[in-house]
Amino acid sequence: MLLQQREMLAVSSVVWTLVLTQPDRVCQSGVSSDRISASQALREVIGLLEWLEVTVISNSQIGDANVDIKDLTDDLTAASLAVLVVDVGLSQIAQLDLATLPTHNVVVVGSADFVTGVFHGLRHFQFTTRWITILAKEDLRPFEATVQGFENVLVVANKTTGGAELWTLLREGEKCKFRFLSSLPLTTVRLTPQVIFPNPGLGLGVRQLRIVVMERSFFLFKSKETEAYEGVVMDMLTEIARKLNFSCVLLQSPDGTWGEVNAKKEWTGAIGMLTRNVSRTH
């Protein structure tokens, strides 16, 4: 498909390349060879996810031995995607505001150091964005430490012997680990968006949340017999935890107040515990 429009924009020294195509339904690549390029792998996976638009974050100065950005863009636009290519240096990543982009479907392309830097710099979008990146398979486990706490991450892992594999980030309690999905190209395996990005279907993945509370008659109070919390709030919290798959520890405000700003311009009470992250260390 011929590109209908190509536009270059310069914003805060970050190059934005906008490639617009007819927003038709994404097609699968139909790749059938024994070997598959990284660009073809991305096209095949995005076809399964049925994305209509995607943001590609890359660095033209560093590049990537596995991916040619022009080939990648051509492959994706051939599948009728709207593609936004963001060419950015590591020092500029903090300037990016993904909330202003038309899509939260993001592909990160570059060296292992660049990919790691992007995920570190954009960690505040860990829950709202769906991420795909390309790495050498030997970089997969070190990268696992970088994406702890992220919600939706898929890696196309290139093997030194040739070929590629799909690995998805799966929450297991408080930790996240990469789980093997399939080799590429896909032949007999049928992957759905829920399999590719499984964590939203797991609720909070048995995480333990620490919640700052204050006792109030009827709403939340400790039983005189068991010292366990009871009340309407506890009933609601128990039901929410059951549905969203998490457990919780309740912590009391040290002074029994919601909090206020003191002479040192610091919050006290329950709000002070939150601003100082006290709940994370008790």
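Residues numbered from 1 in each chain as written. Predicted model: local features only at pLDDT ≥ 70, side-chain atom pairs only at ≥ 80, totals over all residues. Heavy atoms only, no water.

Caption draft 1: Representation of the packing of aromatic side chains within the structure. What the rule picks out here adds up to 7 aromatic pairs. With centroids separated by 5.1 Å and ring planes inclined at 85 degrees, the aromatic side chains of phenylalanine 119 and phenylalanine 143 adopt a geometry described as edge-to-face. Placement of the pair is phenylalanine 119 in helix 3 (residues 112-121) and phenylalanine 143 in helix 4 (residues 140-146), with a sequence separation of 24 residues. Taking the relative accessible area as the measure of exposure, phenylalanine 143 reaches 2% and is therefore buried. Where tryptophan 167 meets phenylalanine 180, the ring centres are 5.5 Å apart and the plane angle is 70 degrees; that geometry is what we call edge-to-face. Here tryptophan 167, found in strand 8 (residues 164-172), pairs with phenylalanine 180, found in strand 9 (residues 175-184); they are 13 residues apart in sequence, far enough to count as distant. (Phe/Tyr/Trp six-rings, centres within 6.5 Å; stacked < 30°, edge-to-face > 60°. Helix = DSSP H or I, 4+ residues; strand = E, 2+ residues; numbered from the N terminus. Buried < 20%, exposed > 50% of the residue type's maximum accessible area, 1.4 Å probe, protein only.)

Caption draft 2: Representation of unusual backbone geometry. Residues other than glycine seldom take positive phi values, yet glutamate 50 does so here, at roughly 60 degrees. Mapping glutamate 50 onto the fold places it in the loop between helix 1 (38-49) and strand 3 (53-58). Residue class for glutamate 50 comes out partly exposed when judged on its relative accessible area of 42%. A positive phi is found at phenylalanine 218, a non-glycine position, where the angle reads about 80 degrees. Mapped onto the fold, phenylalanine 218 is located in the loop between strand 10 (207-213) and strand 11 (221-222).

Caption draft 3: Here's a closer look at helix 6 (residues 232-244). With 13 residues, helix 6 should cover 18 Å at 1.5 Å per step; its first-to-last C-alpha distance of 18 Å lies within 8% of that length. Among the residues of helix 6, Met234, Leu237 and Ala241 are the ones counted as buried. Along the axis of helix 6, the buried positions cluster into a sector of 60 degrees, meaning they face one direction only. Opposite its buried face, helix 6 presents the exposed residues Asp235, Met236, Arg242 and Lys243, each directed more than 90 degrees away. (Expected span 1.5 Å × (residues − 1). Arc of directions from axis to C-beta.)

Caption draft 4: Inspection of the pattern of salt bridges at higher detail. By the definition in use, this model includes 5 salt bridges. Between aspartate 74 and lysine 70 there is a salt bridge whose closest N-O contact spans 2.9 Å. Placement of both aspartate 74 and lysine 70 in helix 2 (residues 69-78) is noted, with a separation of 4 residues, approximately one turn of the helix. Residue classification places aspartate 74 among the partly exposed residues on the basis of a relative accessible area of 30%. The class of lysine 70 is exposed, set by a relative accessible area of 58%. Salt-bridge contacts for arginine 171 lead to glutamate 151; the nearest nitrogen and oxygen are separated by 2.7 Å. Within this pair, whereas arginine 171 is found in strand 8, its partner glutamate 151 is found in the loop between helix 4 and strand 7 (152-158), the two being separated by 20 residues in sequence. The exposure class assigned to arginine 171 is buried, which follows from its relative accessible area of 5%. The class for glutamate 151 is buried, based on a relative accessible area of 12%. Because the salt bridges share partners, they merge into one network encompassing Lys137, Lys159 and Glu165. (Salt bridge = Lys/Arg side-chain N within 4 Å of Asp/Glu carboxyl O.)

Caption draft 5: Fine view of the pairing of strand 9. Bridge count between strand 8 and strand 9: 9 bridges; the pairing is antiparallel. Each residue of the ladder has a partner; that of arginine 171, found in strand 9, is cysteine 176. What sits between strand 8 and strand 9 in their antiparallel hairpin is a turn of 2 residues, with glycine 173 showing a positive phi close to 70 degrees. (Pairing = 2+ DSSP bridges.)

Caption draft 6: Main features of the pairing of strand 5 (residues 105-108). A two-sided burial pattern is seen for strand 5, the buried positions comprising Asn105 and Val107 on one face and Val106 and Val108 on the other. Bridge count between strand 3 and strand 5: 3 bridges; the pairing is parallel. By the bridge assignment, valine 56 is partnered in strand 5 with valine 107. Looking at chain direction, strand 5 and strand 6 (residues 130-136) are connected through 4 bridges and run parallel. By the bridge assignment for strand 6, asparagine 105 is matched with arginine 130. With helix 3 bridging strand 5 and its parallel neighbour strand 6, the resulting β-α-β unit is right-handed. (Right-handed = clockwise from strand over helix to strand, strands pointing away.)

Caption draft 7: Local environment of the environment of tryptophan 167. When its relative accessible area of 11% is taken as the criterion, tryptophan 167 is described as buried. In the structure, tryptophan 167 is positioned 14 residues away from valine 153 in sequence and 8.6 Å away in space, judged by C-alpha atoms. A distance of 3.0 Å separates the side chain of tryptophan 167 from the side chain of glutamate 165, its partner in a polar contact. (Polar contact = N/O pair within 3.5 Å; in protein donor to acceptor, adjacent residues only side chain to side chain.)

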